[in-house]
There are 2 protein chains.
Amino acid sequence: MVAESHYTYRVEPQDVDFTLRATIPALGAAVLNTAGADAHGKGFGVDALNAANHSWVLSRIAFEFDSRPGQYVDYDVATWISDYGRVLSTRNFVLTDARGHEFGRAVSQWAMIDLATRSAIDLSGVGREHADAVVDIPVPAERPRKIREVHPGKVVEHPVVYSDIDFNCHVNTMRYIEMMLDLLPIEWLTSEESVRLDVHFLRECRYGQTLSVGCEQQERGALFEVCAEPGIAAVRAAVVWK
Amino acid sequence: MVAESHYTYRVEPQDVDFTLRATIPALGAAVLNTAGADAHGKGFGVDALNAANHSWVLSRIAFEFDSRPGQYVDYDVATWISDYGRVLSTRNFVLTDARGHEFGRAVSQWAMIDLATRSAIDLSGVGREHADAVVDIPVPAERPRKIREVHPGKVVEHPVVYSDIDFNCHVNTMRYIEMMLDLLPIEWLTSEESVRLDVHFLRECRYGQTLSVGCEQQERGALFEVCAEPGIAAVRAAVVWK
């Protein structure tokens, strides 16, 4: 049985807001970079899968940050895969400061797709093949929650430009999160309260499309819906501060 | 006499476009992070200056990239200060791949400002104090060029949002560069030709302002002007592919 893997990061000046603490997107980026680096290092990264015309696609992710570390603070991201379902594999993350204090965690669910058909591949075989990569530690937070209906009170348009897209010409995950959170009051985004963010990726958005980004603000959080075509959700998200 | 300092980077998946080569903004970010890390490490970073209510402000920068390194490629950024003028200090950069081949360079000019008055401080004293940080190697490229008049054929509006701003609540340098380059044809941005980008920072833009980003497209490049108020340039830039 393998153990979780550890990756270290430092909060750089470009990661902080005017509170001099790491932003939610900066911490989210560290989590996603950890997923990429760990899969790459273990030989089942996007680059290795592409050789078989397969790729990982992030389906859902939930982040919880109890606090946001300050500038120049070192922190650790532990990651492990806890299970392979038929369609989704679950990768977990725990964020810990230099004194060993856990301040954040994330649970992500990934599908493997065939790049030719863009349909999901049954992971049962992959699960058997990579059984030795599964770590028997429970998920560190509630799995990503379902987000059903969103009734936006505010909608902005966002043309997808070059700096939004990834190696696949799709809008990159962190840009979706930024464009949604940017609709919230800055007092919330810079708050020192603990926060949970759930994101569902339903459809891929591409260079040249114009997205509508809708926000339904609630008492201590908000629901979001991003559409490239009217009424067809591409991304949904929920954020809540405690 | 001190030598130049070296910092190593790797082209990560989030740094590349669909050509699987590092984007111009990703290479530009590495250059700027190098400036911040080197100043911080030598004790005259923004954090140290803030204690005296001073700060470094980037006035002009020119980047030249002969080629863009591929995903997972390691590269080195050498940096040194070549001179202190009365108002501007010059920090230089050379980018080299793992085989020692130089593929890029940058020349940046920084002013020190008093945060209370936001006016420039005479650097003569700073130059004497930090004379041992000056390295006697000539600038590796032509200094940032003057950009006078821009006659935009295309203008887009950009409200300044939370994800655009830095620790100072000003729009961060790389976001300006992204919002300007995003107005160009994607074929140019993903081209393998060598490129030079000159940027002048004239006024600071803040959270809550709405910027107009204008582009005057030319045969092999473009001029840009970003304004927060009509007719008053906050940033000007010029890009040209060879």
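All figures in this text were calculated on a predicted structure; none of them were measured in a lab.

1. Let's talk about the packing of aromatic side chains
Two aromatic rings are characterised by how far apart their centres lie and by the angle between their planes.
At step 1: All chains considered together, the criterion is met by 10 aromatic pairs over all chains.
At step 2: Centre to centre, the rings of B:F63 and B:F65 are 5.9 Å apart; their planes meet at 25°, and the pair counts as stacked. By the burial criterion, B:F63 is buried, and B:F65 matches it.
At step 3: One aromatic cluster in this structure is built from A:Y9, A:Y75 and A:F103.

2. Section: the relation of the copies chain A and chain B
At step 1: Expressed as a screw operation, the relation of chain A to chain B combines 0.0 Å of axial shift with a rotation of 180°, fitting to an RMSD of 0.0 Å. Given the turn and translation reported, the copies of this chain are related as if by a two-fold rotation axis. Judged by C-alpha distance, A:H158 is the residue of chain A that lies nearest the rotation axis, at 5.1 Å.
At step 2: Residue by residue, 100% of the interface of chain A is reproduced at the interface of chain B, so both copies engage with the same surface.

3. Some details on the environment of A:V11
Residues and elements named next belong to chain A.
At step 1: Turning to its location among the elements, V11 is positioned in the loop between β1 (5-10) and α1 (24-41).
At step 2: For V11, a relative accessible area of 1% gives the class buried.
At step 3: When the C-alpha atoms of V11 and V126 are compared, they prove to be 35 Å apart, with 115 residues separating the residues in sequence.
At step 4: Ignoring sequence-local partners within four residues, the contact set of V11 consists of V16, A22, P69, G70, Q71, Y72, V73 and Y75.

4. A few points about the nonpolar core
Soluble, globular proteins show a tendency: their nonpolar side chains are buried together.
At step 1: The biggest cluster of nonpolar side chains holds 127 residues, and the ones touching the most others in it are A:L184 and B:L184.
At step 2: For B:L184, the residues in contact, after removing those within four places along its chain, are B:L189, B:C215, B:Q217, B:A222, B:F224, B:V239 and B:W241.

5. Some details on the packing of α1(A) against helix α4 (residues 173-181) of chain A
Residue and element names in this part refer to chain A.
At step 1: At a closest axis distance of 10 Å, the pairing of α1 and α4 adopts a crossing angle of 160°. As summarised for this structure, α1 and α4 are arranged roughly antiparallel, according to the angle between their axes. The chirality of how α1 crosses α4 is right-handed. In this structure, α1 contributes I24, P25, G28, A29 and L32 to the contact, and α4 contributes T173, M174, E178 and L181.
At step 2: For the contact of α1 with α4, a count of residues per class yields 6 nonpolar, 2 polar and 1 charged.

6. Topic: the interface of chain A and chain B
At step 1: With 26 residues of chain A in contact, the opposing surface of chain B contributes 26 residues.
At step 2: Both faces considered, chain A and chain B share a buried interface measuring about 2,400 Å² in area, 59% of it formed by carbon and sulfur atoms.
At step 3: The largest contributions to the chain A side of the interface with chain B come from A:Y162, A:F167 and A:D182, which together make up 29% of the buried area.
At step 4: A salt bridge links B:R175 to A:E178; the nearest nitrogen and oxygen atoms lie 2.8 Å apart.
At step 5: For the pair chain A and chain B, the interface holds 12 residue pairs in polar contact (both at pLDDT 80 or more).
At step 6: Contributions of two or more residues to the side of chain A that touches chain B are made by α1, α4 and α5 (186-189) of chain A.

7. Details of unusual backbone geometry
Residue and element names in this part refer to chain B.
At step 1: In the Ramachandran plot, L20 falls in the positive-phi region, its phi being about 60° despite a non-glycine side chain.
At step 2: By the element assignment, L20 lies in the loop between β1 (5-10) and α1 (24-41).
At step 3: Of the residues examined, L20 reaches a relative accessible area of 39% and is grouped as partly exposed.
At step 4: Unlike most non-glycine residues, Y72 shows phi in positive territory, near 70°.
At step 5: Position of Y72 among the secondary structure elements: in the loop between β2 (54-65) and β3 (74-84).

About the criteria used
Residues numbered from 1 in each chain as written. Chains lettered and ligands numbered in written order. Predicted model: local features only at pLDDT ≥ 70, side-chain atom pairs only at ≥ 80, totals over all residues. Heavy atoms only, no water. Phe/Tyr/Trp six-rings, centres within 6.5 Å; stacked < 30°, edge-to-face > 60°. Buried < 20%, exposed > 50% of the residue type's maximum accessible area, 1.4 Å probe, protein only. Least-squares fit on C-alpha atoms with pLDDT ≥ 70 in both. Contact = heavy atoms within 4.5 Å. Helix = DSSP H or I, 4+ residues; strand = E, 2+ residues; numbered from the N terminus. Core = buried A, V, L, I, M, F, W, Y, C linked by side-chain atoms within 4.5 Å. Axes fitted to C-alpha atoms, helices over the stretch in contact; angles between N-to-C directions. Parallel < 35°, antiparallel > 145°, perpendicular 65-115°, else oblique. Left-handed = near helix turned anticlockwise from the far one by under 90°. Nonpolar A, V, L, I, M, F, W, Y, C, P; charged D, E, K, R; others polar. Buried area = accessible area lost by both parts, 1.4 Å probe. Salt bridge = Lys/Arg side-chain N within 4 Å of Asp/Glu carboxyl O. Polar contact = N/O pair within 3.5 Å; in protein donor to acceptor, adjacent residues only side chain to side chain.

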